[in-house]
Amino acid sequence: MNNKKHHDENGMKHDADEHGHHHSEHEHSEHASKHTDQHHHVHQSDEGDHAGHTQSAGHEHDHAARGQKHDHHDHHQMMVADFRKRFWISLALTVPVLLLSPMIQKFLGFSLRFTGDLVVSFVLASAIYFYGGWPFLKGMVQELRKKIPGMMTLISLAITVAYFYSAMVVFGLAGKIFFWELATLIDIMLLGHWIEMKSVMGASKALEELAKLMPSEAHKLVGEDKVIDVPLNELIKGDRVLVKPGEKIPADGVVISGESSVNESMLTGESKPVYKGEADKVIGGSINGEGSLVIEVHRTGKDSFLSQVIDLVKEAQESKSKTQDLANRAAFWLTLIAIFAGGLTFFVWMVIMHQDLSFALERTVTVMVITCPHALGLAVPLVVAVSTAISASRGLLIRNRAAFERARNLQAIIFDKTGTLTKGEFGVTDVVVFDESIQIDELVDLAGSVESHSEHPIAKAISNKAAKKLPVQDFKAIPGKGAYGMVDGRKVMVVSPGYLKQENITINNDTVSELFEQGKTVVFVLINDRLHGAIALADEIRPESFEAIRSLKKMGIKTMMLTGDNKQVARWVSEELGLDQYFAEVLPDQKALKVKEVQAQGLIVAMTGDGVNDAPALATADVGIAIGAGTDVAVETADVVLVNSNPLDVVAIISLAKATYRKMIQNLAWATGYNAFAIPLAAGVLYSSGIILSPAMGAVLMSLSTIVVAINARMLKIK
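The rules behind the values
- Residues numbered from 1 in each chain as written.
- Predicted model: local features only at pLDDT ≥ 70, side-chain atom pairs only at ≥ 80, totals over all residues.
- Heavy atoms only, no water.
- Helix = DSSP H or I, 4+ residues; strand = E, 2+ residues; numbered from the N terminus.
- Buried < 20%, exposed > 50% of the residue type's maximum accessible area, 1.4 Å probe, protein only.
- Contact = heavy atoms within 4.5 Å.
- Phe/Tyr/Trp six-rings, centres within 6.5 Å; stacked < 30°, edge-to-face > 60°.
- Lys NZ or Arg CZ within 6 Å of the ring centre and 35° of its normal.
- UniProt positions renumbered as here; feature names shortened; annotations may be inferred.
- Pairing = 2+ DSSP bridges.
- Axes fitted to C-alpha atoms, helices over the stretch in contact; angles between N-to-C directions.
- Parallel < 35°, antiparallel > 145°, perpendicular 65-115°, else oblique.
- Left-handed = near helix turned anticlockwise from the far one by under 90°.
- Expected span 1.5 Å × (residues − 1).
- Core = buried A, V, L, I, M, F, W, Y, C linked by side-chain atoms within 4.5 Å.

Caption draft 1: View of the side chain of serine 449. Note that serine 449 resides in helix 16 (residues 440-451). Take serine 449: its relative accessible area is 0%, and that puts it in the buried class. Ignoring anything within four residues of it in the chain, the contact list for serine 449 reads Lys468, Lys469, Leu470 and Val472.

Caption draft 2: Summary view of the packing of aromatic side chains. If you walk through the whole model with that rule in mind, you get 15 aromatic pairs. Between the aromatic rings of tryptophan 349 and tyrosine 687, the centroid separation amounts to 5.1 Å while the plane-to-plane angle is 85°, which identifies the pairing as edge-to-face. Residue tryptophan 349 is found in helix 11 (residues 326-352), and its partner tyrosine 687 is found in the loop between helix 25 (648-683) and helix 26 (695-714); the two are separated by 338 residues along the sequence. Looking at tyrosine 687, the relative accessible area reads 35%, which means it is partly exposed. Taken together, the ring pairs connect Phe122, Tyr129, Phe130, Tyr163, Phe164, Phe171 and Phe179 into an aromatic cluster. Between arginine 86 and the ring centre of tyrosine 131, over which it is positioned, the NZ or CZ distance is 4.8 Å. Its guanidinium or amino end placed over the ring of phenylalanine 359, arginine 363 lies 6.0 Å from that ring's centre, counting from NZ or CZ.

Caption draft 3: The UniProt feature "transmembrane region" (unreviewed entry) in the protein, seen in detail. UniProt tags residues 87-104, 110-131, 152-171, 177-195, 330-352, 364-392, 668-687 and 693-713 as "transmembrane region" (unreviewed entry). Helix makes up 94% of residues 87-104 and strand 0%, and the two end C-alpha atoms of the span are 21 Å apart.

Caption draft 4: Here's a closer look at the pairing of strand 13 (residues 412-416). Burial of strand 13 is extensive: five of the five residues sit out of reach of the surface. On strand 13, burial covers both faces: Ala412, Ile414 and Asp416 on one face and Ile413 and Phe415 on the other are all buried. Here strand 13 runs beside strand 20 (residues 558-562); their pairing, made up of five bridges, is parallel. Bridge pairing links aspartate 416 to leucine 562 in strand 20.

Caption draft 5: View of the packing of helix 6 (residues 151-170) against helix 12 (residues 357-371). Here helix 6 crosses helix 12 at 150°, and the two axes come no closer than 9 Å. Looking at the two axes, helix 6 sits roughly antiparallel to helix 12. Crossing geometry of helix 6 relative to helix 12 is assigned as left-handed. Across the interface between the two elements, Leu157, Ala158, Val161, Ala162 and Tyr165 of helix 6 pack against Ser358, Leu361, Glu362, Val365, Met368 and Val369 of helix 12.

Caption draft 6: Here's a closer look at the sheet that holds strand 17 (residues 490-495). In spatial order, the strands read 14-19-18-17-16-15; together these six strands make up an open sheet with antiparallel pairing. Of all strands in the sheet, those bounded by a partner on one side alone are strand 14 (422-433) and strand 15 (472-478). Across the sheet, the mean angle separating the axes of adjacent strands is 20° when strand polarity is ignored. Sheet strands touched by helix 16: strand 14, strand 15, strand 16 (482-487), strand 17, strand 18 (521-527) and strand 19 (530-541). Its angle to strand 17, the strand with the most contacts, is close to 80°. Its contacts with the sheet place helix 19 (residues 510-517) against strand 14, strand 18 and strand 19, and it is angled at close to 145° to strand 18.

Caption draft 7: Seen up close, helix 12. In this model helix 12 runs 21 Å from its N-terminal to its C-terminal C-alpha over 15 residues, within 8% of the 21 Å that 1.5 Å per residue would give. Counted residue by residue, helix 12 has 13 buried out of 15 residues, so it is predominantly covered.

Caption draft 8: Region of the structure containing unusual backbone geometry. Positioned with a positive phi, histidine 354 is a non-glycine residue whose angle comes to about 55°. Within the secondary structure, histidine 354 is located in the loop between helix 11 and helix 12. The residue aspartate 488 is not glycine, and still its phi comes out positive at about 55°. Mapping aspartate 488 onto the fold places it in the loop between strand 16 and strand 17. Classification of aspartate 488 by relative accessible area gives exposed; the value is 52%.

Caption draft 9: Region of interest: the nonpolar core. The biggest cluster of nonpolar side chains holds 94 residues, and the ones touching the most others in it are Ile159, Phe179, Leu182, Leu376, Leu410, Ile413 and Leu642. With twelve residues, helix 6 is the single largest residue contributor to this core.

In structure tokens:
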């Protein structure tokens, strides 16, 4: 119980003994500001550059911390609404196109013919092609400019060939009309994109949420006693400001008068309010407790702690690599196959087989249309929609699809301690009595009765532990040292180690020494000025954390912990849970570096946290997972948000990611696999045997493939 000097992550020195249980024996406030700014969503790259906005995977958005004019969330909603509108209008126009199609009429056994019916079909199909197909045509231009043909190019190729070939047939060329193929293909693709974008929608508001932590005004002191309210941007270094109880501290600075406990958890992840007295540093955005403080402003604007966190988030964000989704890669190869197979078909029938132009064109168009299966457009979106629905029902909110899909390959998970593996609140872990004249229950009841009159988190924890509350007279708080009151005619004091030192009360007890070594907060109970016992408190480990760590180890995933707390606390939590590794006394700007250290070992890493300072680390990690009970920033910046704050949900996310990926592969196999069968038949390889795949039969195969994909997606489950 030596008088310990320690630094928190802001470079503040505190005397642990002097601050007592209103500050604790913590050597490091956990600067765990958490959060990954995965606020660049991966818009599946096949969404194209709709409305002039490139939706490539990993697209980076540059947000200003305040006053952001471009609201990406609203823009994304507009795009979803645009796809929805185009789908319904195109679908309405498709109905008469289907009814007027000679091929459909023949297939269904009815006739609906009138003068100019093909021209009406042409007009309706033109509207569908140019209006419904516009996002895909524009997307194709973008893909070709980047020299990466993908889904947009494949869709555009199929609808363009079908449209212009059919138009030529309407105006005199011998052949078959593919307007119905064109219309249904556009409808299906619009539906697929609408489903997909709606499923993954959710814009990141991380930097705006960070900025919201600051109050709008400050109470500036002018002269000795005059107070004026001024906007934050008018504060300069050296100004004195008054911070009333319950208010947010307006700027980084130093306390010049007053004392209070300050809640820094939104910024540091530290679960306990930290005692602040004269000469102690405070952070802008933290919340003042029960006392009034006068602080001298040291840092404002871009120099402030909060702004530095914002910069770290931006930096980590911009270092993100881009990814491509599976469907787009499949589309790239199908585009090449379509062009090659179509060209080869035309060449063979015209040059080698000496067939007429109309026959060669029909075979070529049939091949080109069939190569772009409707099912491919739904293969991934349907799985995305189902997995998003399943995850939402389980309290797992997926915000970044690409990162979520990477979760299936995770090799290491780094957990933040406070609020993630632990509850983020104090609980009594041990009670020690020093003589046999008092029982443990009685000691706790007496201490709990006194502490029930205090609002401090440690006092509440002791009060909650007490089985019964006794009447207390003459209650009085001892600032920074504890409290006392008269209970059943006895003077009961609950005090910090600092009080014992001040009063020259010594204690030699191995159990208490061990509790200090574990980094726990220990307070002492005096009855009638005589030391009777000690109560140890710590941030309680969540019961679910034990099972989560066991499950992750069974999956072969390394488990690690990152904390700003001292080594004793970190070691205790790590040993209790059986973690593979822990990092203690980590400063906020070092958290991302620790993630990079683990990544440098060649591991795919996830980071789980719930505060603001975790943002850079979570952005650096391959997958960022937020505990939903944390700050708004944490929730807004994550790839995945665990609404129920349950570490076991991390296991569920990994299981769902694996299952989702399997379904996507299966669907892509179904969606593209039938091409191996359909393309040769469409090209006419069995023509000499009298077997040729008609466009109508190709449509049946397409429909069957789409149905299989839809049913398979619905069968997705978390094991």
